[in-house]
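Structural description and commentary
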Amino acid sequence: MNKLAALLPPKRMQACAADAGGPGRGRIVILATGGTIVGVGAAGKTTGYRPGALTAEELLRDVPELFSLAEIETIQLCNINSDDMTAEMWLALARTINERAADPDVLGFVITHGTDTMEETAYFLNLTVKTAKPVVITGSMRPATAISADGPLNLYEAVCVARSREAIGQGVLIVFSDRIYAARSVTKTSTYHVMAISAGEMGAIGVVRDGAVYLYEKPGKAHTTATEFDVAGLTELPRVSILYFAVDADPELLRYAAAHSDGLVIAGAGAGEFSRLWAGIIRGLTIPVVVSSRIDDGIITRDNLLCPNTVAADNLSPQKAAVLLRLALLRPVTQARLEALFAMY
Ligand code: ASP
């Protein structure tokens, strides 16, 4: 018997078991990819663990309450530290969701994912899945073996959102520590705290309390069924490198990245600025260059740009700008077209 089951009053366990798989309630598909939520380490500790150690099925045993919400189906897509996420896996996720969304019994999807890169996966899927059914991503900051592991409640709340009417047509959402975030603005903001996911000045768009979903805002930019990106049949994405500017940043890195990439994103200082040395090199580049900022909050507009051949990332972080640029480069793009895409998404 798992550790939670051992503590539960027998009646509660019976109720959960009796509910499991009951007809007519619809199905939630859990797409498991790994991360700390299935991490295992020394009993009680929050560091030095191995992410992606338990399977989705093993995780579910710690959350029997899920089975009273919906029929639960699990698909173990991979079991990795999310720093090993790849475009190939993103494409597999998008393909699986797009295929399974056609099943009328499926109410929605929950993706379990490491927190390090979940914001990038969320934004990629927000631009590429073609369904109004809820797609919710969650994870945890503490491994399953930690004291007060946050994974089980995050997973429970993610399923509550994925089966809710409120989440239909809202694009990809991240549910974390009782809050609901829109994929475009969400980011990881702490290396250790359970409230590690936030959306900066855009904020959360809703909350979950005792399984009830309260959604207050709607994502403002085009997503899912309203985007032009079709990734069906693809196995890879264009290569985009992110260059981080700092005092004395080596111009050779910029030259190397430009020679080995289809496009660049600059994580500039302030409102997307960099040295005259970097500006001289960037002006001579012939691949698309998008300018974002190493600062978490704020917007970069065309008027901020130091080089005329660059495109402003609006308020997208460098890692989100890279996701959009990779999708934009699936077709030949002019600078004007790139500007339009960064204004739209
Ligand atoms: N390194 C882990 C991952 O992203 C961290 C986490 O899940 O919180 O997979």
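About the criteria used
Residues numbered from 1 in each chain as written. Predicted model: local features only at pLDDT ≥ 70, side-chain atom pairs only at ≥ 80, totals over all residues. Heavy atoms only, no water. Helix = DSSP H or I, 4+ residues; strand = E, 2+ residues; numbered from the N terminus. Rg over C-alpha atoms; globule rule 2.2 N^0.38 Å. Buried < 20%, exposed > 50% of the residue type's maximum accessible area, 1.4 Å probe, protein only. Areas by Shrake-Rupley, 256 points an atom, 1.4 Å probe, with all protein chains shown as cover. Lys, Arg positive; Asp, Glu negative; His and termini not counted. Charge placed at Lys NZ, Arg CZ, Asp CG, Glu CD. Polar contact = N/O pair within 3.5 Å; in protein donor to acceptor, adjacent residues only side chain to side chain. Near = heavy atom within 4 Å. Nonpolar A, V, L, I, M, F, W, Y, C, P; charged D, E, K, R; others polar. Pairing = 2+ DSSP bridges. Axes fitted to C-alpha atoms, helices over the stretch in contact; angles between N-to-C directions. Salt bridge = Lys/Arg side-chain N within 4 Å of Asp/Glu carboxyl O.

Quick word on the overall build of the protein
A tally of helices and strands in the protein yields 10 helices and 14 strands. Relative to the globule expectation of 20 Å for 345 residues, the C-alpha radius of gyration of the protein, 21 Å, shows essentially globular dimensions. Projecting the C-alpha coordinates of the protein onto the three principal axes gives extents of approximately 70 × 45 × 35 Å. Burial analysis of the protein (345 residues in total) assigns 51% to the buried set. Carbon and sulfur atoms make up 53% of the accessible area of the protein, which totals about 15400 Å². Computing the positive centroid from 31 side-chain charges and the negative centroid from 36, the protein places the two 2 Å apart.

Focus on the side chain of Ser 292
Tracing the backbone through its elements, the reader meets Ser 292 in strand S13 (residues 289-293). A distance of 2.8 Å separates the side chain of Ser 292 from the backbone oxygen of Leu 316, its partner in a polar contact.

Quick look at the site of the ligand
Taken together, the neighbourhood of the ligand is formed by Gly 35, Thr 36, Asn 81, Ser 82, Asp 83, Gly 114, Thr 115, Asp 116 and Ser 140. Residue Thr 36 places a side-chain N or O atom 2.8 Å away from an oxygen atom belonging to the ligand. The separation between an oxygen atom of the ligand and a polar side-chain atom of Ser 82 is 2.5 Å. Here the ligand loses 93% of its free accessible area of 260 Å² to cover by the protein chains. Of the residues contributing to the shell around the ligand, the split by class is no nonpolar, 7 polar and 2 charged.

Let's talk about the sheet that holds strand S12 (residues 263-268)
With parallel pairing, 4 strands are arranged side by side in an open sheet as S11-S12-S13-S14. Edge positions in the sheet fall to strand S11 (240-244) and strand S14 (310-312), since each has one partner strand and no second. Across the sheet, the mean angle from the axis of one strand to that of its neighbour is 30 degrees, orientation sign disregarded. As paired strands, S12 and S13 are joined by 5 bridges and run parallel to one another. Counterpart to Leu 264 in the pairing with S13 is Val 289.

A few points about the pattern of salt bridges
Scanning the model with the defined rule gives 10 salt bridges in all. A salt bridge links Glu 73 to Arg 100; the nearest nitrogen and oxygen atoms lie 2.8 Å apart. Here the residue Glu 73 occupies a position in strand S2 (residues 71-80), and Arg 100 occupies one in helix H4 (residues 87-100), the gap between them amounting to 27 residues. Asp 314 is paired through a salt bridge with Arg 184; the nearest N and O atoms lie 3.9 Å apart. One end of the pair, Asp 314, is in the loop between S14 and helix H9 (318-328); the other, Arg 184, is in the loop between strand S6 (179-182) and strand S7 (187-188), with 130 residues separating them in the sequence. Per residue, the accessibility class of Asp 314 equals that of Arg 184, and both read buried.

Note that all results are geometric; they support no functional claim without further evidence.
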